[in-house]
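Survey of secondary and tertiary structure
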Amino acid sequence: MILFVISYLAGVLTIVSPCILPVLPFAFARADQPFTRGILPMVIGMALTFSVVASLAAIGGSWAVQANEVGRWAALAVLALLGATLVSPRAAAFFTRPIVAVGHRLASSPEPEASSMGGSLLLGIAIGLLWAPCAGPILGLVLTGAALQGPDAKTTLLLTAYAAGAATSIALAVLAGGRVLAAMKRTLGVGEHIRRGVGYAVLASVLAIGFGLDTGLLTQLSLAGTTGIEQRLLAGLGGEGAVAASQRLAENGGPWPTGTPAKLYRSPLPDRGAAPGFEGAVTWLNSGPLKAEELRGKVVLVNFWTYSCINCIRTLPYIRAWAEKYKDKGLVVVGVHTPEFAFEKSIGNIRQAIARFGITFPVAVDNDFRIWRAFRNSYWPAIYVVDAQGRIRHSHFGEGDEKQSERVIQDLLAETAGSRGASVGAVVPDMQGEQAPVDPARPARSGETYLGYEKASGFASPEPVAGDRSREYSLRTLPLNRWGLAGRWTVGAESAALDQPGGGIAFRFRARDLHLVLGPGPAGRPVRFLVTIDGVAPGADHGADIDAGGSGTISETRLYQLVRQAGDVRERSFEIRFLDAGAEAFAFTFG
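Quick look at the structure, then.

Further remarks concern the packing of aromatic side chains. Given two aromatic rings, one states the distance between the centres and the angle between the planes to describe the pair. According to the stated counting rule, one finds 24 aromatic pairs in the structure shown. When the centroid spacing of 5.5 Å and the interplanar angle of 10° are considered together, the rings of Phe341 and Phe343 count as stacked. For the pair shown, Phe341 and Phe343 are each scored as buried. Aromatic ring contacts, followed pair by pair, group Phe304, Phe369, Trp372, Phe375, Tyr379, Trp380, Tyr384 and Phe397 into a single cluster. Over the ring of Tyr450 we find Lys455; its NZ or CZ atom is 4.9 Å from the centre of that ring. Geometry around Tyr473 places Arg471 over its ring, the cationic atom sitting 5.7 Å from the centre.

Written as structure tokens, this is what we have:
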């Protein structure tokens, strides 16, 4: 009995949590209606719908979750119509047509006779389909008990008690809000503005729920505000609820109470859908083909990269370190090499890159972008972390936030094992040369710049680019983040190719590091070059691929680090002169 009381009180507490905010505008849309015909049917519909959906999820598993997703989108569509009719009288008139009669019945009207119990009940059902309650210890112990011990009638009754508590607090809030709105209408004559304001709030809530803010940011904020209150409530009332909630907290890293059995750990990370497989790879390196079914029971980190991308290169030390550290704990790392430039489709070039970067984990060669499209990916680098059931639980795009990504790996490995082990520290990989991380104290003021005409920007030679035709170019004084060519070049869609020895490229930049993706051209013969900074040899500011005098050689198509400023980062003039013909230049990157 105590647990039913606690569940009801926990539901009441949701009114003080930010995660209730997205559904409040829908409820306030009935604030000016009579209680028995407007507010009461609405909260009854909300409570019953949530109880039914949550019970089905506990009993039926994933099929019920998928069915509820369909219901959520249908409810969003109906409530978007509600918001539109509140904002615009013309929209309200339009939606009175029979084909959308349901949307009209849900729309609030300044006329009392427009209210109906049926419309309020339908509005409550829509809210119940959308509401993502704050899963603190109390709701957590109900759902966890159903998962671990099997759902029964008690589960449904506890969920109903929770929903009834939430409905009670919402009903009281709407009653109080209705009185305030009525007073404003009488004293200020702003009824129409209030109606439109509620309509805008409804539309904003539809957008918030549609983009997942109700189950993401707001839920995280809510847990910080209500979990402690719920835990004190459990401790104060005691009984079976206190023990069960303590077990739930222990699952998530808290202390185990003396004499209580352990429960399987479940990570709080969201389920982002089934992970695609790796069908479509043109070949595999470092292993045979891997199928998604073979990886069940393992945590899989999928890393999209391409070997000339500086952001990918700076991420690789962490990927390598995680693969090594957690390989015996159930982690499988799969690299997916998806090319940005045509030369990155060469299997030989990819093999050389894998050897140069010390990559030993499997790499799927995704030259046709089939795996890329299956994951709906858009970024280099990108990581997706897949749990033991083949569900995507985390993703990260670009560099940075490596500690958070490692915590995700640890959390999903703990979920696979069923319990959390002793805390382990984050990896500290050795990062040298172009793999060294960006220095936040010396941020770059120059960005990635392509030389091929398809994506080129910042070109500042006096002569216009002659696409795919050989022509002579010259240099002039360059402002910051502008570049130019000197000598005879053929500028293609992806790169600029030097036709005669002695040609050069200049760039006015501000960054610690300057990199240039270079290749020896179709002939494949080495190309010698000389780098100067502000007209002199780079000295201590030379990059990993040249010496202090500025000399270097293009031996393969890849990213070359040409400048690493040893002192303060300031604006500099970079120039590279090629002593041999045939060089191809693709893109500048900075760090």
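There's more to say after this.
Its location among the elements puts Ser395 in strand β6 (residues 392-397). Relative accessible area serves as the criterion here: at 18%, Ser395 is assigned to the buried category. Once residues lying within four places of it in the same chain are set aside, the contact partners of Ser395 are Arg272, Ile383 and Tyr384.

Let us look at unusual backbone geometry. Look at the link from Trp380 to Pro381: it is a cis peptide, with omega at -15°. Relative to the helices and strands, Pro381 resides in the loop between α15 (370-374) and β5 (382-386). With a phi angle near 60°, Phe369 is a residue other than glycine that sits in the positive phi range. When you line up the elements, Phe369 lands in the loop between β4 (363-365) and α15.

Among the seven residues that make up strand β2 (residues 299-305), seven are buried, leaving the element largely enclosed by the rest of the structure. On β2, burial covers both faces: Val299, Leu301, Asn303 and Trp305 on one face and Val300, Val302 and Phe304 on the other are all buried. In this structure, β2 lies alongside strand β3 (residues 331-337), joined through seven bridges in parallel fashion. Counterpart to Leu301 in the pairing with β3 is Val333. Crossover β2 to β3 through helix α13 (residues 310-326) is right-handed. The pairing of β2 with β5 spans five bridges and is antiparallel.

Analysis parameters
- Residues numbered from 1 in each chain as written.
- Predicted model: local features only at pLDDT ≥ 70, side-chain atom pairs only at ≥ 80, totals over all residues.
- Heavy atoms only, no water.
- Phe/Tyr/Trp six-rings, centres within 6.5 Å; stacked < 30°, edge-to-face > 60°.
- Buried < 20%, exposed > 50% of the residue type's maximum accessible area, 1.4 Å probe, protein only.
- Lys NZ or Arg CZ within 6 Å of the ring centre and 35° of its normal.
- Helix = DSSP H or I, 4+ residues; strand = E, 2+ residues; numbered from the N terminus.
- Contact = heavy atoms within 4.5 Å.
- Pairing = 2+ DSSP bridges.
- Right-handed = clockwise from strand over helix to strand, strands pointing away.

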